[in-house]
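Secondary and tertiary structure notes
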Amino acid sequence: QVQLVESGGGLVQAGGSLRLSCAASSRAFSSYSMGWFRQAPGKEREFVAIIAWSGDSTYYADSVKGRFTISRDNAKNTMYLQMNSLKTEDTAVYYCAASSRTNIYTIGLNSFHSWGQGTQVTVSS
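So, here is what we can say about the structure in this document. (Residues numbered from 1 in each chain as written. Predicted model: local features only at pLDDT ≥ 70, side-chain atom pairs only at ≥ 80, totals over all residues. Heavy atoms only, no water.)

**A look at the pattern of salt bridges**
Opposite charge on two side chains allows them to pair when their charged atoms are near. Under the criterion given, the structure shown has 4 salt bridges. Linking Asp-62 and Lys-65 is a salt bridge whose minimum nitrogen-to-oxygen distance equals 3.1 Å. (Salt bridge = Lys/Arg side-chain N within 4 Å of Asp/Glu carboxyl O.)

**Some details on the environment of Ser-85**
Inspection of the secondary structure assignment puts Ser-85 in the loop between β8 (78-83) and β9 (92-99). Counting along the chain gives 21 residues from Ser-85 to Thr-106, while the straight-line C-alpha distance between them is 28 Å. Residues within four places of Ser-85 in sequence aside, it is in contact with Gly-15, Gly-16, Ser-17, Arg-67 and Asp-90. (Helix = DSSP H or I, 4+ residues; strand = E, 2+ residues; numbered from the N terminus. Contact = heavy atoms within 4.5 Å.)

**Looking at the sheet that holds strand β1 (residues 4-7)**
Strands sit in the order β1-β3-β8-β7 across an open sheet of 4 strands; the sheet is antiparallel. The open sheet has two free edges, formed respectively by β1 and β7 (68-73), since each of these has just one partner strand. Shown here is a sheet whose adjacent strand axes are inclined to one another by a mean of 15°, direction ignored. As paired elements, strand β3 (residues 18-24) and β8 share 6 bridges and run antiparallel to each other. (Pairing = 2+ DSSP bridges. Axes fitted to C-alpha atoms, helices over the stretch in contact; angles between N-to-C directions.)

**Things to note about the state of the cysteines**
When the sulfur atoms of two cysteines share a covalent bond, that bond is a disulfide. By the definition in use, this model includes 1 disulfide. Covalently, Cys-22 is tied to Cys-96 through a disulfide, its sulfur atoms 2.1 Å apart. Its S-S torsion of approximately 65° makes the covalent link between Cys-22 and Cys-96 right-handed. Placement of Cys-22 in strand β3 and of Cys-96 in strand β9 is noted, with a sequence separation of 74 residues between them. (Disulfide = S-S within 2.5 Å.)

**Looking at the packing of aromatic side chains**
Inspection of the entire model under this criterion finds 6 aromatic pairs. Ring centres 6.0 Å apart and planes at 70° place the aromatic pair Phe-37 and Phe-47 in the edge-to-face group. With a gap of 10 residues between them, Phe-37 in strand β4 (residues 33-39) and Phe-47 in strand β5 (residues 46-51) connect regions that are remote in the sequence. Centroid distance Phe-37 to Trp-115: 5.0 Å. Interplanar angle 50°. Geometry classified as tilted. (Phe/Tyr/Trp six-rings, centres within 6.5 Å; stacked < 30°, edge-to-face > 60°.)

**What to know about the nonpolar core**
Judged by nonpolar contacts, the single largest core of 30 residues is most densely connected at Met-34, Trp-36, Met-79, Leu-81, Met-83 and Tyr-94. Counting residues per element, the ones that place at least two in this core are β3, β4, β5, β7, β8, β9 and β11 (119-124). Discounting residues that sit within four places of it in the chain, Met-79 has contacts with Leu-20, Ser-21, Cys-22, Phe-29, Met-34, Gly-35, Trp-36, Ile-51, Ile-70, Ser-71, Arg-72 and Cys-96. Judged by nonpolar contacts, the second largest core, of 7 residues, contains Ala-52, Ala-97, Ile-104 and Ile-107. (Core = buried A, V, L, I, M, F, W, Y, C linked by side-chain atoms within 4.5 Å. Buried < 20%, exposed > 50% of the residue type's maximum accessible area, 1.4 Å probe, protein only.)

**Focus: the pairing of β9**
Of all 8 residues making up β9, 7 are buried, and the element is well covered by its neighbours. Here β4 pairs with β9 via 7 bridges, running antiparallel. What sits directly across from Trp-36, in β9, is Cys-96. With 3 bridges joining them, β9 and β11 adopt antiparallel strand pairing. Its bridge partner being in β11, Val-93 is matched across the sheet by Gln-120. Two strands pair when backbone bridges link them, and β9 and strand β10 (residues 112-115) are joined in this way by 3 bridges, in the antiparallel orientation. In the sheet register, Ala-97 faces β10, and the bridge partner there is Trp-115.

In short, the description is geometric, and any link to function would need to be established separately.
Here is the structure:
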């Protein structure tokens, strides 16, 4: 288990950019696969992006591919989500999560053992 704290959310106009951060409380962070998820009002939580423990493999939801970039700095125990060309449909609470599983292409939602409290992203038209 690790404590995760997201930051960087806010209000932005469509077409704008935001950078989310996820700070971990433990150096064990560097051994975890890390993911970003989001949940809009009235909708289920959905996968956004995931990054391997080493940072050398990433995977994105089709809806954000080419616009969002996930990265991590294991020396700082921090993960990032750079969000560009934001759309109104990107409005949601964004969560980061940690998993001990290493194959980022097969990790399911239930395999994430630690979650942050979420940060609100609102994209206005």
